[in-house]
Amino acid sequence: MQTNRLASSLFTRARPCVISPSSRSYKVKGVRFASSSSKTSNSKSFSARTTTFFAIGSALAGGLLGFVLPHQATTSANNLAPNITKPQYGSPEDFQQAIEELKKIFTDKDAVSTDPEDVYNHGFSLNDYLPGISHSVIVYPSSTEDVVKIVKIATKYRMPVTAYSGATSLEGQFRGYATGGICIDMSQMNRILEIHEADSDLVCQPGVGWVEINDTLRYSLHASNLNLGIPLFFPIDPAPTATIGGMISNGCSGTNAVRYGTSKGEWFLNVTVVLPSGEVIKTRRRSRKSSAGFDTTKLFIGAEGTLGIITEVTIRLAPVLPTTVAVVHFPDVRKATEAVRDVMNRGVGIQCVELLDDIFMHAINNFGQSGRIWPIKDTLFFKLQGHNRTSLTDSAKVVKEVVEKHGGFGFQLARNDKEADDLWHDRKNAHYSGLALVPGSRPIATDVCVPVSRLPDLVYETKEDLKTLGLVAPIVGHVGDGNFHAQIMFTSDAELAAAKVVVERMVHRAIAMDGTCTGEHGVGLGKKQYLIEELGTGTVELMKTVKRALDPLGLFNPGKVNCPPTMMEFSISKNLFSYCAALSR
């Protein structure tokens, strides 16, 4: 039963929302929604051999072993905090007592689960390469008060706590902990609480998905003028099944980032959070801006559940504007990425610009969901935005002129809204198309981000690495903001080791270009070993200081984000250098 409920929560659809013209109250599933009145360094300095050896060591330390030994990661390789002792967690007997107490407090038989399949599914993902680690128990709260009760029991018995939302994370953020722990599944906290149309914002719980929010707005019955829908939407658009809590915690973005920015912008106005102490705080009021003290909302954006558990959110909404889609092909990735840089400097209305390389275009054809056969060429998908059809046509003319100057060919502009939706659907299906390209494979879906001017070099050099190592890896990029993803497929341990070498080289190049190890996937288990290189010892220690201040027992999502590999991990990985170096040749 728990497994079925989990599956249904990931694919829940929106329900119509009726707006009363007299009371201006919005109702969804019987809930009233109050409404306001309308009155550097150069990357080529890395030699292949030096980078490969350094890459393999970090990949093995952070990837193969980092997920197994996080409870030992309290002292970094650089000895950042030598006087901090590692957290002390409860015994198996303590954990069993905690589970029994949870069952007494949550009397609904479906609210607490120790079913082996359930606890494993919550600590495993087919979308990444990290082995699964089961939790001890899954708890399904329905309110902030429920979360407080869970946290207090976890504190009493020194039991790790991991929040679980849409399960779309790609760096192991919701993996279990080696000693066991409590997984808090937020799927029952999935309501939209208030819609403030006049203020262009919305209050919701963390388990609601961004797609469900936009569907609710789109299909709401606006009784005051008999039009269908509220002309607002939430523009942050990661994986379709992502939910608001996970989106905040991972600091995500998506295809719309080139126009609307990321979750670290002002799209999340405030959050209600249960701290590790069990205290409930709200980070700010609902006003569009505030300069009152620290921006504590952003403290929890990208923290991956290590500082608190989000139970309520106020999000900003944007007006819906007309869009259309254009597609153009290129002889190589370098010309395509250079064309994007030129287009962005023309100031035309670009909502999204996405690069799919030739391998991804082959994957889309192979997947068979497109309805068309694409040329197997590096391709750009543009989503153009404007106030009317004329402005869209004018923008398309500018884009066509620029891309053809850079060798683009086969430019096609959607003739109507349906064709635009169909074209964009091919782009949004890219991830699943890539997964189907190599039967029986699993992916390392990794991302980096660099200043836009450096993107052509980074993409080109990464593709050369992939070709040299014989790996199948479709590349897709949010190229308007310098962010690109490689979906590296592997079917064996040898291919996995080689894939990790590629990831290491990508990351070190990106950081050398004054970029980041992750543009939107977050850190989790897979990227934590790069934080000192990217941010510096002082910044990482500041993050650890904040963690220790809020979570002195180290209970919230331990081993994630800012716990560098231990000396033990480095020592073990040295013995594997020669093996992986041979694989990479």
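Residues numbered from 1 in each chain as written. Predicted model: local features only at pLDDT ≥ 70, side-chain atom pairs only at ≥ 80, totals over all residues. Heavy atoms only, no water.

Asks: Where do I start with helix H11 (residues 358-367) in this structure?
Replies: Think of an α-helix as 3.6 residues a turn; residues three or four steps apart then line up on the same face. Residues of H11 that are buried: Phe 360, Met 361, Ala 363, Ile 364 and Asn 365. Of the surrounding elements, those touching the buried residues of H11 are strand E18 (350-356), strand E19 (378-385), helix H13 (417-428), helix H14 (430-435), strand E22 (475-478) and strand E23 (483-490). Looking one or two residues beyond H11, the residue adopting positive phi is Gly 368, at roughly 80°. (Buried < 20%, exposed > 50% of the residue type's maximum accessible area, 1.4 Å probe, protein only. Helix = DSSP H or I, 4+ residues; strand = E, 2+ residues; numbered from the N terminus. Contact = heavy atoms within 4.5 Å.)

Asks: What should I look at first to understand unusual backbone geometry in this one?
Replies: Backbone phi values are negative for most residues with the exception of glycine, while trans is the configuration of most peptide bonds. A positive phi angle, near 65°, is found at Ala 167, a position not held by glycine. Here Ala 167 is to be found in the loop between strand E6 (161-164) and strand E7 (182-185). Phi angles above zero are rare outside glycine, and Asp 514 is one such case at about 70°. Mapped onto the elements of the fold, Asp 514 is located in the loop between helix H16 (493-512) and helix H17 (531-535).

Asks: Would you mind showing me how to read the environment of Leu 531 here?
Replies: Along the chain, Leu 531 falls in helix H17. Relative accessible area serves as the criterion here: at 5%, Leu 531 is assigned to the buried category. Ignoring any residue separated from it by four or fewer positions in sequence, one finds Leu 531 in contact with Val 523, Gly 536, Val 540, Met 543, Val 561 and Asn 562.

Asks: Where do I start with the sheet that holds strand E4 (residues 112-113) in this structure?
Replies: Where strands meet in a sheet, backbone hydrogen bonds hold them as pairs that are either parallel or antiparallel. In space, the four strands of this open sheet follow the order E4-E5-E7-E6, with mixed pairing throughout. Edge positions in the open sheet fall to E4 and E6, since each of these has one partner strand only. For E6 and E7, the ladder comprises four bridges, and the chain directions are parallel. Residue pairing in the sheet places Ala 163 in a bridge with Ile 184 of E7. On the sheet, helix H3 (residues 92-105) packs against E4, strand E5 (137-139) and E7 and is oriented at approximately 25° with respect to E5. (Pairing = 2+ DSSP bridges. Axes fitted to C-alpha atoms, helices over the stretch in contact; angles between N-to-C directions.)

Asks: For this particular structure, what's the right way to read the packing of aromatic side chains?
Replies: To describe a pair of aromatic rings, one takes the distance between the centres and the angle between the planes. If you walk through the whole model with that rule in mind, you get seven aromatic pairs. Between Tyr 89 and Tyr 177, the aromatic rings sit 5.3 Å apart at their centres with planes inclined by 70°, giving edge-to-face as the arrangement. Highlighted residues: Tyr 89 in the loop between helix H2 (48-65) and H3 and Tyr 177 in the loop between E6 and E7, separated in sequence by 88 residues. The same class applies to Tyr 89 and to Tyr 177, which are both buried. Seen in terms of ring centroids, Trp 374 and Phe 381 are 5.7 Å apart; in terms of plane orientation they differ by 65°. Their pairing is edge-to-face. Clustering of aromatic rings is evident, with ring pairs tying together Phe 233, Tyr 260 and Trp 267. In this structure, Arg 334 packs its charged tip against the face of Tyr 460, placed 4.8 Å from the ring centre. (Phe/Tyr/Trp six-rings, centres within 6.5 Å; stacked < 30°, edge-to-face > 60°. Lys NZ or Arg CZ within 6 Å of the ring centre and 35° of its normal.)

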